[in-house]
Amino acid sequence: MTYRYILRRGVSHAVVAGALAGLALSACQPNNQQAAVSSAPTPLSAIPLSTSGAAPIAPAPLASALPPAAPASVGRLANVGDRYAFADRAYAMSAAFGDAPPDYAFDYGGGERPWVWRGDDQSTRVAEALPGGGYRYYYYEAGSQTPYLVRDPDNSYGYDNGVLVVVYDRQGRALAPDYLDRQAGMAGRFLARAEAIYAASQRQQREAVAQANWAARRSEIDSERAQWSADQAADQDWQAYHADHQQQEQAQWDAERYRREAQAARFAEQTNNAQLAAQDWQAAQRAHSRAVAVGEPRNPGGAPFGFGPKPQPPAQQQPGPQAQPPAGPQPGQQSGPDQPRRDHRPPPTPAGAPPSALTPAAPLNGGANAAARAEAARQAQIQAQAAHQAQLQSQHQAEIAARAQGQAQAQAARQAQLEAQRQAGLAARAQGQAQAARQAQLEAQRQAQIAARAQGQAQAQAAHQAQLEAQHQAQIAAHAQGQAQAQAARQAQLEAQHQAQIAARAQGQAQAQAARQAQLESQHQAQLGAQAAARGQAEAAKLAAERAQANARASLPAVAKPPAPSHRGPRPGGAPESGKPPAAAP
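Residues numbered from 1 in each chain as written. Predicted model: local features only at pLDDT ≥ 70, side-chain atom pairs only at ≥ 80, totals over all residues. Heavy atoms only, no water.

**Q** Quick question: what am I supposed to make of the overall build of the protein chain here?
**A** A count of helices and strands for the protein chain gives 9 helices and 8 strands. Going through the 586 residues of the protein chain one by one, you find that 31% of them count as buried. Of the roughly 34,900 Å² of accessible surface on the protein chain, 55% is carried by carbon and sulfur atoms. (Helix = DSSP H or I, 4+ residues; strand = E, 2+ residues; numbered from the N terminus. Buried < 20%, exposed > 50% of the residue type's maximum accessible area, 1.4 Å probe, protein only. Areas by Shrake-Rupley, 256 points an atom, 1.4 Å probe, with all protein chains shown as cover.)

Here it is in structure tokens:
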């Protein structure tokens, strides 16, 4: 089931009436604008800054260090377009406070002193310093102890009457609705602290903020506000929502901003920062002009963000004679025909107008009697209007007195309620302190047990790690030895293969060499045989030739032969004397 979660935008009519009356009276003459701004009233809750020694401010705990609390209830927005309503509302409040100093501080215990800005309509912003710099901000509607926004450096949380309805990331972007359940635990812690801080800001004694502390931290808060403005400009959805509601927001806050900018300008002058003072005075004048032009809140009935019932149109006046206001400016009105009017009455008749402009024209034949009757009617009308104005003024004063009395009674009741809450808080705090002491003792015991358990676990873990390391080293050594042996065997195998290859190559070369020698020897023998055969053939041919010659000579007639030699011996060519051929060579 979804609900339309909305915020109240109502403003105390008494506060606005008083503020706007001062604005209107100061704006009777445009030339008096600067004088009116320079004499702007101080905010009602503001305590002058202290010029004495500045006590150090202890930081608040971070989000992760906040005490446990119940998770925040979670709700869903019926209109997803409203998810930026909470951030934009808080942004408008921050812009209205501007760089004006805090109204007061209070002791929250442990050296923590949150700063409070409290508008004249009782809207409140609280800021607390965080470790390492930066602030956490809490924003409250007038009369509410529950924040509608908590802005932390990491995330911001939007609440409606304590129900978490939106979460923003650190850039100000609205997260998807499923983040609500995830962040409910942290949102519950922030909500509990916000309610406790608001209660303390009401019951604790209010202290002046040290001027030195504000001077040292003003720029940091101003830069965080500027970064928030940049986040808004970078988010199209937030920018669109802001554009739709900016005019209404300005009308709500211009009177407060006028006072705050004037206050900031006075502080800048005290610190001799002429440039910043001039900027603040100009901002105060602009806010003053807008507040005077608007004249009253645009949303006087407290209609929340335009979601509530629309204002009913004024009752239609019945036809008939109506009293006219007397000429000249009335209390709370501006003079001059061009000045805007805020009383929703017909404009007064200009001074010096002819009688025909005041009453219907008298008959042409009426003469002096008609003119006298017209003048008498006009005077009666003026007297009736004056009586009516006196009656209205009397009623207004009675309403103011009744409202003041009601406010005083409500304030007294509120103070009594706050005092009762304070007493209950003191009792609860005492009980909580005893409980906290018990919890601290139990926590110390638990921490000792945890430490002993952790020490035992650490020793066991160390022994286990040593055993694992020894096993690992043994595995490394065995692995290295195996690798060395395998490497040696591989080297031996490779060497044997290499020697075998060398031997095989040498054997092959020897065999090839032997075969080559055998071939060469065979070729040599063949050559020798061929040569011997050739010689034999030559010898045989020669012998054949000689035989043929001998045979030829034998066939011729005998002739005287020379005497044969006296000695015997082989014949030329190796032939024996007997004439037989020589034996063939083996």
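**Q** So what exactly am I meant to see when it comes to empty space enclosed by the protein here?
**A** Rolled over the atoms, a probe with the dimensions of a water molecule shows which regions are left empty. Following the criterion strictly, the structure yields 5 cavities of 30 Å³ or more and no others. As for the second largest cavity, its lining consists of Ile57, Ala58, Ala60, Glu112, Arg113, Pro114, Trp115, Ala127, Glu128, Ala129, Tyr135 and Arg217. Ranked by residues supplied to the lining of the second largest cavity, first place goes to strand β4 (residues 124-129) with 3 residues. Its residues assigned to classes, the lining of the second largest cavity shows 8 nonpolar, no polar and 4 charged. (1 Å grid on protein atoms, 1.4 Å probe; cavity = no way out; pocket = protein on both sides within 12 Å on 5 of 7 lines; lining within 4 Å. Points joined across faces, edges and corners; volume = space filled by probe spheres on them. Nonpolar A, V, L, I, M, F, W, Y, C, P; charged D, E, K, R; others polar.)

**Q** Please explain the packing of helix α3 (residues 85-97) against helix α6 (residues 236-270) as it appears in this structure.
**A** When two helices pack together, their arrangement is given by the angle between their axes and by how far apart the axes lie. Orientation of α3 relative to α6, taken along the N-to-C sense of each, is 30°, at an axis distance of 8 Å. Relative to α6, the element α3 lies roughly parallel. Here α3 runs over α6; the crossing is right-handed. Contact with α3, carried on its side by Ala85, Ala87, Asp88, Arg89, Tyr91, Ala92, Met93, Ala95, Ala96 and Phe97, involves Trp238, Tyr241, His242, Glu249, Gln252, Trp253, Glu256, Arg257 and Arg260 of α6 and no other residues of that element. Partitioning the contact of α3 with α6 into residue classes produces 11 nonpolar, 2 polar and 6 charged. (Axes fitted to C-alpha atoms, helices over the stretch in contact; angles between N-to-C directions. Parallel < 35°, antiparallel > 145°, perpendicular 65-115°, else oblique. Left-handed = near helix turned anticlockwise from the far one by under 90°. Contact = heavy atoms within 4.5 Å.)

**Q** Would you mind showing me how to read the side chain of Arg260 here?
**A** Tracing the backbone through its elements, the reader meets Arg260 in helix α6. Given a relative accessible area of 0%, Arg260 falls into the buried group. Non-local contacts of Arg260, meaning those with residues more than four positions away in its chain, are made with Pro43, Ala96, Phe97, Ala100, Pro101, Asp103, Trp117, Arg118 and Gly119.

**Q** Looking at this model, I keep getting lost on the sheet that holds strand β1 (residues 73-74). Mind explaining?
**A** In a beta sheet, neighbouring strands pair by backbone hydrogen bonds and run either parallel or antiparallel. Ordered by their spatial adjacency, 8 strands build an open sheet running β1-β8-β7-β6-β5-β4-β3-β2, and the pairing between neighbours is mixed. A single partner strand is all that each edge strand has here, and the edge strands are β1 and β2 (104-105). As paired elements, β1 and strand β8 (residues 163-168) share 2 bridges and run parallel to each other. Across the sheet, residue Ser73 finds its bridge partner in β8, namely Val163. Packed on one face of the sheet, helix α4 (residues 179-203) meets β1, β2, β3 (115-118), β4, β5 (135-140), β6 (147-151), β7 (156-160) and β8 and runs near 75° to β5. (Pairing = 2+ DSSP bridges.)

**Q** I would appreciate a short explanation of the environment of Ala40 in the present structure.
**A** If you trace the backbone, Ala40 turns up in the loop between α2 (33-38) and β1. In the structure, Ala40 is positioned 219 residues away from Arg259 in sequence and 5.8 Å away in space, judged by C-alpha atoms. In this structure, Ala40 is in contact with Tyr258, Ala262 and Arg266, ignoring residues within four places of it in sequence.

**Q** What am I meant to see in the pairing of β6 here?
**A** Residues in a regular strand point their side chains to alternate faces of the sheet. The element β6 is extensively covered by neighbouring structure, given that 5 of its 5 residues are classed as buried. Two elements, β5 and β6, share 4 bridges in a ladder whose sense is antiparallel. In the sheet register, Tyr140 faces β6, and the bridge partner there is Pro147. In sequence, β5 turns back onto β6 through a hairpin of 6 residues, with Gly143 there showing a positive phi of about 80°. Taken together, the 3 bridges between β6 and β7 define a ladder with antiparallel strand orientation. Within β7, the residue paired with Val150 across the bridge is Tyr157.

**Q** Quick question: what am I supposed to make of the packing of aromatic side chains here?
**A** Aromatic rings considered in pairs are described by the distance between their centres and by the relative angle of their planes. In the structure shown here, the tally under the stated rule is 16 aromatic pairs. With a centroid separation of 6.2 Å and an interplanar angle of 65°, the aromatic rings of Trp117 and Trp214 are classed as edge-to-face. One end of the pair, Trp117, is in strand β3; the other, Trp214, is in helix α5 (residues 211-234), and 97 residues separate them in sequence. Trp214 matches Trp117 in its accessibility class, with the two residues each being buried. Both rings, one in Tyr157 and one in Phe190, keep their centres 5.2 Å apart while their planes meet at 45°; by these two values the pair is tilted. Placement of the pair is Tyr157 in strand β7 and Phe190 in helix α4, with a sequence separation of 33 residues. Comparing Tyr157 with Phe190, the two get one shared label, buried. (Phe/Tyr/Trp six-rings, centres within 6.5 Å; stacked < 30°, edge-to-face > 60°.)

**Q** For this particular structure, what's the right way to read the pairing of β8?
**A** For β8, a buried count of 6 out of 6 residues is recorded, marking the element as mostly surrounded by other parts of the structure. The pairing of β7 with β8 spans 5 bridges and is classified as antiparallel. When the bridges of β8 are listed, Tyr157 appears paired with Val167. Hairpin connection of β7 to β8: 2 residues between the antiparallel strands, including Asn161 at a positive phi of 55°.

**Q** Explain α4 here, please?
**A** Along an α-helix, residues three or four positions apart point the same way, because every turn accommodates 3.6 residues. Helix length check: α4 (25 residues) gives 35 Å between terminal C-alpha atoms against 36 Å at 1.5 Å per residue, within 8%. Maximum bend of α4: about 50°, positioned at Gly185. (Expected span 1.5 Å × (residues − 1). Bend = angle between axes of the 7 residues up to and from the residue.)

**Q** Can you walk me through the pattern of salt bridges in this structure?
**A** Opposite charge on two side chains permits pairing when their charged atoms draw close. For the structure on display, the rule yields 21 salt bridges. Between Arg173 and Asp169 there is a salt bridge, and its shortest N-O distance comes to 2.8 Å. Residue Arg173 is classed as partly exposed on the basis of its relative accessible area of 43%. In the salt-bridge network here, residues are joined through shared partners; they are Asp103, Asp120, Glu256, Arg259 and Arg260. (Salt bridge = Lys/Arg side-chain N within 4 Å of Asp/Glu carboxyl O.)

**Q** Looking at this model, I keep getting lost on the packing of α6 against helix α7 (residues 274-294). Mind explaining?
**A** With their axes 8 Å apart at the nearest point, α6 and α7 run at an angle of 155° to one another. Relative to α7, α6 is oriented roughly antiparallel. Viewed along their axes, α6 and α7 form a crossing whose handedness is left-handed.

**Q** Whenever I open this one, the environment of Ala208 confuses me. Can you help?
**A** Looking at where Ala208 falls in the secondary structure, it is placed in the loop between α4 and α5. Sequence-wise, Ala208 and Pro102 are 106 residues apart; in three dimensions their C-alpha atoms are separated by 8.8 Å. Not counting the four nearest positions on each side in its chain, Ala208 is found in contact with Ile47, Pro48 and Ser50.

**Q** What is the right way to read unusual backbone geometry from this model?
**A** Located in the positive-phi region is Asn161, a residue other than glycine, with phi close to 55°. Here Asn161 lies in the loop between β7 and β8. For Asn161, a relative accessible area of 64% translates into the label exposed. In this model, Asn272 sits at a positive phi of 60°, which is unusual for a non-glycine residue. With respect to the helices, strands and loops of the structure, Asn272 is situated in the loop between α6 and α7.

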